[in-house]
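# Descriptive analysis of the structure
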Amino acid sequence: MSVLPLVFTSGWASGINAYAVVLLLGIFGRTGLSDEVPASLQRTDVLIVAAVLFLCEAVADKIPYVDSIWDAVHTVIRPLAGAVIGALLAGQSGSLSDITAGAIGGSTALASHFVKAGTRMAINTSPEPFTNVGMSIAEDLGVAGLITFAIFNPEAAAVIAAVLLAAGLAILVFLWSRIRRFLRRRAQRREEKRLAAEAREATGAPPL
């Protein structure tokens, strides 16, 4: 059976929470629930690092504005993780070339990452923190559920991931105006801080 559906689903999930994907796949492989997981993802040190980083993300991802900073830092990390996981899965099964699998996993992760990051920017236009917490929990549960489902039903999981990705991109286009306002406000705050610092420096006032 081709590993392509699992590569696609893991790429989508990596764009949302790459550490959860590594941790879940490693556990499934370590417990013998899947033969598709390469040994490199089952290593104890990899699982420990993934678990620690997953806990860090679980906290950062629920704090308004901090989540957007975290997303910005992971603009490279998540697509890279999706590409590496895809290549490793392909190498394990031999049914798909490593380069092709890496390209599919990385590009899918990049697309889902932009959906996640853009949606969070739109949510951060609201001052209340509850939407961030709810969205973060929903994303974590969605990643865990779909990766688990993909282990046993990879084709069906890939279809669900494709639908979620298409819906997310459509929502992102719809929310683009709110995202632009968020970016303008953030740029304005940075400019105000810079001007305030220059004013304090000009008057000899101590920095805040």
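Going by the structure above, here's the rest.
A brief report on the enclosed structure follows. These figures come from a predicted structure and were not determined experimentally. (Residues numbered from 1 in each chain as written. Predicted model: local features only at pLDDT ≥ 70, side-chain atom pairs only at ≥ 80, totals over all residues. Heavy atoms only, no water.)

## Comments concerning the overall build of the chain
Within the chain one finds seven helices and zero strands. For the chain, the N- to C-terminal ordering of α and β elements is α-α-α-α-α-α-α. For the chain, the C-alpha atoms occupy an extent of roughly 70 × 40 × 30 Å along the three principal directions. By the burial criterion, 42% of the 208 residues in the chain qualify as buried. In the form shown here, the chain has an accessible surface area of approximately 10500 Å², with 73% of it arising from carbon and sulfur atoms. Counting 17 positive and 16 negative side-chain charges, the chain places the centres of these two groups 10 Å from one another. (Helix = DSSP H or I, 4+ residues; strand = E, 2+ residues; numbered from the N terminus. Buried < 20%, exposed > 50% of the residue type's maximum accessible area, 1.4 Å probe, protein only. Areas by Shrake-Rupley, 256 points an atom, 1.4 Å probe, with all protein chains shown as cover. Lys, Arg positive; Asp, Glu negative; His and termini not counted. Charge placed at Lys NZ, Arg CZ, Asp CG, Glu CD.)

## Observations regarding the pattern of salt bridges
Tallied over the entire structure, the rule returns nine salt bridges. Where D45 meets R43, a salt bridge forms, and the shortest distance between an N and an O atom there is 2.5 Å. By relative accessible area, which is 46% here, R43 ends up partly exposed. Between R120 and D61 there is a salt bridge, with its nearest N and O atoms 2.9 Å apart. Remark: D61 occurs in the loop between α2 (44-60) and α3 (66-93) and R120 occurs in helix α4 (residues 98-123); sequence separation between them is 59 residues. The buried category is assigned to D61, whose relative accessible area is 1%. A cluster of three or more residues bridged by salt bridges with shared partners is formed by D61, D67, K116, R120 and E139. (Salt bridge = Lys/Arg side-chain N within 4 Å of Asp/Glu carboxyl O.)

## Observations regarding α3
Turn by turn, an α-helix covers 3.6 residues, leaving residues three or four places apart pointing in a common direction. In this model, α3 (28 residues) spans 39 Å end to end at C-alpha, consistent with the 40 Å of a helix rising 1.5 Å per residue. H74 marks where α3 bends most, by close to 55°. (Expected span 1.5 Å × (residues − 1). Bend = angle between axes of the 7 residues up to and from the residue.)

## Some details on a positive patch on the surface
The grouping of R178, R180, R181, R184, R185, R189, R190 and K193 at the surface amounts to a positive patch. Relative to the helices and strands, R181 is located in helix α7 (residues 176-203). Taking relative accessible area as the criterion, R181 reaches 37% and is therefore assigned partly exposed. (Patch = residues over 30% accessible without salt bridge, like charges linked within 9 Å, V, L, I, M, F, W, Y side chains within 5 Å.)

## Details of the environment of T131
Note that T131 resides in helix α5 (residues 130-152). Spatially, the C-alpha atoms of T131 and I63 are 10.0 Å apart, while their sequence positions differ by 68 residues.

## Topic: unusual backbone geometry
Here the phi dihedral of Y65 falls at roughly 75°; this positive angle occurs in a residue that is not glycine. Checked against the element boundaries, Y65 lands in the loop between α2 and α3.

## Quick word on the nonpolar core
V3, W12, V21, L25, V143 and I147 are the most contacted members of the largest nonpolar core, which totals 31 residues. Beyond its immediate chain neighbours, meaning those up to four positions away, I147 contacts T9, S10, A13, V21, L24, L25 and F28. Membership of the second largest hydrophobic core comes to six residues, among which are A122, L172, L175 and F182. (Core = buried A, V, L, I, M, F, W, Y, C linked by side-chain atoms within 4.5 Å. Contact = heavy atoms within 4.5 Å.)

## Remarks on the side chain of E57
Position of E57 among the secondary structure elements: in helix α2. When sequence neighbours within four positions are dropped, the list of residues in contact with E57 reads I16, N17, Y19, W70, H74, R78 and K116.

## A few points about a nonpolar patch on the surface
Together, V59, I63 and V66 give the surface a local cluster of nonpolar side chains, amounting to about 230 Å² of exposed area. Here I63 shows up in the loop between α2 and α3.

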